[in-house]
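What follows is the residue order along each chain.
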Amino acid sequence: AFICKECPAGRFSERFTDGVGSAYRCTICQEGTSQSKAGATQCDACAKGTYTSVRGQTGCEVCSFGSYQSDEGQTGCLSCPEDRTTLFLAAQKLQDCVCRAESIEHDGICVECSQGLTCPRGSTVQLLLDGESELYEEVPMVEQGYHSTLEAPLDIYKCIGHCPGGRPGTCDAGRIGVTCGNCPKYEFIQDERCRPCRPVHSALWVLACPLIFILIICSYYMSNKEHGVRATAASCIFQLFGLILVFCEIIAVVQSVAVEWPKGLAVALSYFEVFGLSFESLGLGCLAGTSLRSYVAQSFFFPILVAGCFVVQGLTQIIPFPKRFLHLKWTKTATCNMLGHLLQEAYIMMSNIAFIPFSCFTHPNGSESLLTATNILCGSAEHRNMQVFGAILGLLCMVFLALCSYAALKAPAWSDSPVRMSCIRFLIDRFRPDVWWYGIILLVRGPLLSIPAIVAANLPGLQMTGLMGIMLISVLIQVRFLPWNAPLANVADAASCSLLLILLSIGIARLPAPVGKWGNGVLDISGIVVALLILAVWVVVVLAVAILVFRKAILKREETRIINLGKLARSRDVLLILEDISSHVNGWSSAQMQRVDDAINQLCVYDYQVLCTSLMLLSVEVGIGGRSSLGSTSMRIRGVSTKAQKLRQTMSRLSQVERDSEAHDLAAEDDESTRTEILMPIAQVAEEQKEVAEEHVEEASQNMENGTLNEETETPSDTASETEGPAKKVVSEIL
């Protein structure tokens, strides 16, 4: 007898006939079929999108991501093309294969999404244009800070601002253009938004021309006022005004770097674009119409300024003036001096404008745009025209720098030529006589500040690092030489540059992570270069220490050149100079002493302080005047401690002397010997102190023996100072 059982899942009951008769048996399901129930009489073929590759399966497996199956009863799935995948499992047709993430379908082909475009799985150009879909949870979109047009949605452009992302063609604040950098026609940028132009905006720019002309005339007479070597209130104001202007020009360069500043700071920095002659926020676009015309107006301002000033100078020579107004005529030397002042103060601005057409950054689509006029594509006809005008302005910058460098080189030889010195007063007038060349340092700094934007337009971090390096070197030179003849100007210059370095550090900290194949590499190389420079500095320091140790321990000699950063004059040479000075002061007349007094009054503040300090050292430390014979340490300490007080009293006295000297008319003596004597004001002081020393040796010795020193005792030198020249009175008080 037979016992019938139901077939288990994965098998089916199949009837068969043999020699004995008919019966049923359980047969295993073949590949491509399955049976999930027991007692079935057949296996079911796998549906579309599923398969089985093993016999006896109770269920079919679904096709995984990236595969599909369009037929039933299959033993496997078909793979999607290599660049495609599926959005879901059990895909049933080839059309279910979509582009992989980070790629987008364009004309039936999956292309890689560029920087600035977010592409989830299944991205298509149509989804990108639509911006939304009911079937897809995620759709492709343009990232914030990037922009593309409706006509070419896959051509991604990098923006400086006003690109919110999302659908192609989206700009905020009313902007238009491939980088959202322009305003529509008859509109201009104000408060970061596009505002409609009004007739008043064009009228104001027309009225600005006569205002500029008046300012130039005022600059002519102000810059050609007589200034001495010593800084006055007027010259100090002039220097501080120039420093403020230069500082604002540097800020204009800094704010052009693509840094995400805090909102309030970004608004404040945007106002400094005026100091780059970028007057878009003042409605210049309403008058110019296009970015090209605006740039032509900026670049031609300075050549027109130079030509216009010489035209005015020529007209003043032709137009008859009444006799009492003849001094108002413009001269060539004064015109050159005035133009030098204007171009020197605006040199950073000039350099920055000249380099604008040569600062291009790269977009994700491979095209390039100007760094400051992002809607102008590099290589376009508009860009080539801008390069021509920029080259003209750059040529003017190079010629001006070359002429100033030559003048600074020849200035010592030209000191006997009043005409030449009048032409280059702008170059040396504001600086100490021994640092007359510092104006060239300021001029060279202008083009250097624009170079980072050219060589690293795609790397804001490298731009900021370059600006910081240039400003750091500038500060080091400034604090080393203290070039301005007004101490207040030196403090203001050092303080403003130091604060600017802090601002640059904040900007570097707010920079985003570098993007692109060159981003990390260039910054890494920059870090290595800086590290090597630091290492080189310390190698030099170690070598200097080694030389000092060798010469001290082995040769038993001091290496003063390394310690003092230069060679000092020998004490014997200094003594010979003092002896030579003393031999010239004998027999000076009161007129000669008065002229020496006037020469001292005209000394630069720093030179005057050096003179006072030197005379004080001669008196207190060297002992000229008899004080060294005391040999008392307490006397030396007492003399040093009262140095500052005596100097303040002397400065006060000198101010009175200056006021008295202004009312004194002295006949000029033009012979060569008198001029030579004027250049040696210290000689008189040295000889007088020698006489005082001889007369008071006995008195000083007596004071030493008694252990007392009456500094309040009136000396013959003090008495004599009442009847001698003002300069001699001042020197007597010091000593």
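Our subject in this report is the structure included herewith.

Scoring rules and cut-offs
Residues numbered from 1 in each chain as written. Predicted model: local features only at pLDDT ≥ 70, side-chain atom pairs only at ≥ 80, totals over all residues. Heavy atoms only, no water. Helix = DSSP H or I, 4+ residues; strand = E, 2+ residues; numbered from the N terminus. Buried < 20%, exposed > 50% of the residue type's maximum accessible area, 1.4 Å probe, protein only. Contact = heavy atoms within 4.5 Å. Axes fitted to C-alpha atoms, helices over the stretch in contact; angles between N-to-C directions. Parallel < 35°, antiparallel > 145°, perpendicular 65-115°, else oblique. Nonpolar A, V, L, I, M, F, W, Y, C, P; charged D, E, K, R; others polar. Left-handed = near helix turned anticlockwise from the far one by under 90°. Core = buried A, V, L, I, M, F, W, Y, C linked by side-chain atoms within 4.5 Å. Disulfide = S-S within 2.5 Å. Pairing = 2+ DSSP bridges. Polar contact = N/O pair within 3.5 Å; in protein donor to acceptor, adjacent residues only side chain to side chain. Phe/Tyr/Trp six-rings, centres within 6.5 Å; stacked < 30°, edge-to-face > 60°. Lys NZ or Arg CZ within 6 Å of the ring centre and 35° of its normal. Patch = residues over 30% accessible without salt bridge, like charges linked within 9 Å, V, L, I, M, F, W, Y side chains within 5 Å. Areas by Shrake-Rupley, 256 points an atom, 1.4 Å probe, with all protein chains shown as cover. Salt bridge = Lys/Arg side-chain N within 4 Å of Asp/Glu carboxyl O. Expected span 1.5 Å × (residues − 1). Arc of directions from axis to C-beta.

**So, the overall build of the protein**
Phase 1 of the analysis: Within the protein, the regular secondary structure consists of 25 helices and 20 strands.
Phase 2 of the analysis: Counting over 735 residues, the protein shows a buried share of 38%.
Phase 3 of the analysis: A sequence separation of at least 24 residues applies to 57% of the contacts in the protein between residues at least 6 apart.

**Digging into unusual backbone geometry**
Phase 1 of the analysis: Residues other than glycine seldom take positive phi values, yet Asp 107 does so here, at roughly 55 degrees.
Phase 2 of the analysis: Within the secondary structure, Asp 107 sits in the loop between strand E11 (103-106) and strand E12 (109-112).
Phase 3 of the analysis: For Cys 180, which is not glycine, the phi torsion reads 55 degrees and is therefore positive.
Phase 4 of the analysis: Mapped onto the fold, Cys 180 is located in the loop between strand E16 (157-158) and strand E17 (187-190).
Phase 5 of the analysis: Among the residues examined, Cys 180 registers a relative accessible area of 1% and is labelled buried.

**Observations concerning the packing of helix H3 (residues 233-255) against helix H8 (residues 347-355)**
Phase 1 of the analysis: It is at 8 Å that the axes of H3 and H8 come closest, and there the two elements cross at 25 degrees. What the angle tells us is that H3 and H8 run roughly parallel. Touching Val 246, Glu 249, Ile 250 and Val 253 of H3 are Tyr 347, Ile 348, Met 349 and Asn 352, all from H8.
Phase 2 of the analysis: Split by residue class, the contact of H3 with H8 holds six nonpolar, one polar and one charged.

**Quick notes on the packing of H8 against helix H12 (residues 438-455)**
Phase 1 of the analysis: Direction vectors running N to C along H8 and H12 enclose 30 degrees, while the axes themselves pass 8 Å from each other. With respect to H12, the axis of H8 lies roughly parallel. In terms of crossing hand, the pair formed by H8 and H12 is right-handed. On H12, the residues that touch Tyr 347, Ile 348, Ser 351, Asn 352 and Phe 355 of H8 are Leu 443, Gly 446, Pro 447, Leu 449, Ser 450 and Ile 454.
Phase 2 of the analysis: When its residues are assigned to classes, the contact of H8 with H12 shows seven nonpolar, four polar and no charged.

**A few points about the nonpolar core**
Phase 1 of the analysis: Among the nonpolar cores identified, the biggest contains 45 residues, and Phe 302, Met 350 and Leu 427 are the most heavily contacted of them.
Phase 2 of the analysis: Contributions of two or more residues to this core are made by helix H2 (199-223), helix H6 (291-318), helix H7 (332-345), H8, helix H9 (381-410), helix H11 (425-428) and H12.
Phase 3 of the analysis: Among the elements that make up this core, the one with the highest residue count is H9 (nine residues).
Phase 4 of the analysis: Discounting residues that sit within four places of it in the chain, Met 350 has contacts with Phe 302, Leu 343, Leu 393, Leu 396 and Cys 397.

**Observations concerning the state of the cysteines**
Structurally, a disulfide amounts to a covalent bond that connects the sulfur atoms of two cysteines.
Phase 1 of the analysis: Tallied over the full model, the rule gives 11 disulfides.
Phase 2 of the analysis: Put simply, Cys 113 and Cys 119 are joined by a disulfide, and their sulfur atoms are 1.7 Å apart. On the S-S bond that ties Cys 113 to Cys 119, the torsion sits near -95 degrees, and the link is left-handed.
Phase 3 of the analysis: Of the residues examined, Cys 113 reaches a relative accessible area of 9% and is grouped as buried.
Phase 4 of the analysis: Left without a disulfide partner, Cys 336 is nearest to the cysteine sulfur of Cys 423, which lies 4.6 Å away.
Phase 5 of the analysis: Judged by relative accessible area, Cys 336 falls into the partly exposed class, the value being 29%.

**As for the side chain of Gln 344**
Phase 1 of the analysis: Along the chain, the position of Gln 344 falls in helix H7.
Phase 2 of the analysis: Filtering out sequence-adjacent residues up to four positions away, Gln 344 remains in contact with Phe 400, Phe 426, Leu 427, Arg 430, Gly 439 and Leu 443.

**Topic: the pairing of E11**
Phase 1 of the analysis: For E11 and E12, the ladder comprises four bridges, and the chain directions are antiparallel. Paired with Ile 104 across the bridge in E12 is Val 111.

**Details of the side chain of His 147**
Phase 1 of the analysis: Within the secondary structure, His 147 sits in strand E15 (residues 146-147).
Phase 2 of the analysis: For His 147, a relative accessible area of 5% translates into the label buried.
Phase 3 of the analysis: Engagement of the side chain of His 147 in a polar contact is seen with the backbone oxygen of Val 178, the distance being 3.0 Å.

**Section: the packing of aromatic side chains**
Phase 1 of the analysis: Applying the stated criterion across every chain, the model contains 12 aromatic pairs.
Phase 2 of the analysis: Each ring, one from Tyr 347 and one from Phe 400, has its centre 5.9 Å from the other, and the planes form 40 degrees; the classification is tilted. In this pair, Tyr 347 sits in helix H8 while Phe 400 sits in helix H9, placing the two residues 53 residues apart along the sequence. Neither Tyr 347 nor Phe 400 differs from the other in exposure class; each is buried.
Phase 3 of the analysis: Clustering of aromatic rings is evident, with ring pairs tying together Tyr 220, Tyr 221 and Trp 330.
Phase 4 of the analysis: Taking the ring centre of Phe 16 as reference, the NZ or CZ of Arg 25 above it sits at 4.8 Å.

**A short note on the environment of Ala 9**
Phase 1 of the analysis: Along the chain, the position of Ala 9 falls in the segment before strand E1 (11-17).
Phase 2 of the analysis: Between the C-alpha atom of Ala 9 and that of Gly 56, which follows or precedes it by 47 residues, the distance is 8.0 Å.
Phase 3 of the analysis: Apart from residues lying up to four places away in sequence, Ala 9 is in contact with Gln 35, Ser 36, Lys 37, Ala 38 and Thr 58.

**Describing a nonpolar patch on the surface**
Phase 1 of the analysis: A cluster of nonpolar side chains, contributed by Val 530, Ile 534, Val 537, Trp 538, Val 541, Val 545 and Val 549, occupies part of the molecular surface with about 630 Å² of accessible area.
Phase 2 of the analysis: The residue Val 545 is located in helix H15 (residues 519-553) in this model.

**Regarding helix H17 (residues 571-585)**
Phase 1 of the analysis: Between its first and last C-alpha atoms H17 spans 22 Å; for 15 residues at 1.5 Å apiece the expected length is 21 Å, and the two agree.
Phase 2 of the analysis: For H17, the full list of buried residues reads Ile 581, Ser 582 and Val 585. Viewed along the axis of H17, the buried residues span an arc of 100 degrees, placing them on a single side of the element. Facing away from the buried surface of H17 by more than 90 degrees, the exposed residues are Arg 572 and Glu 579.

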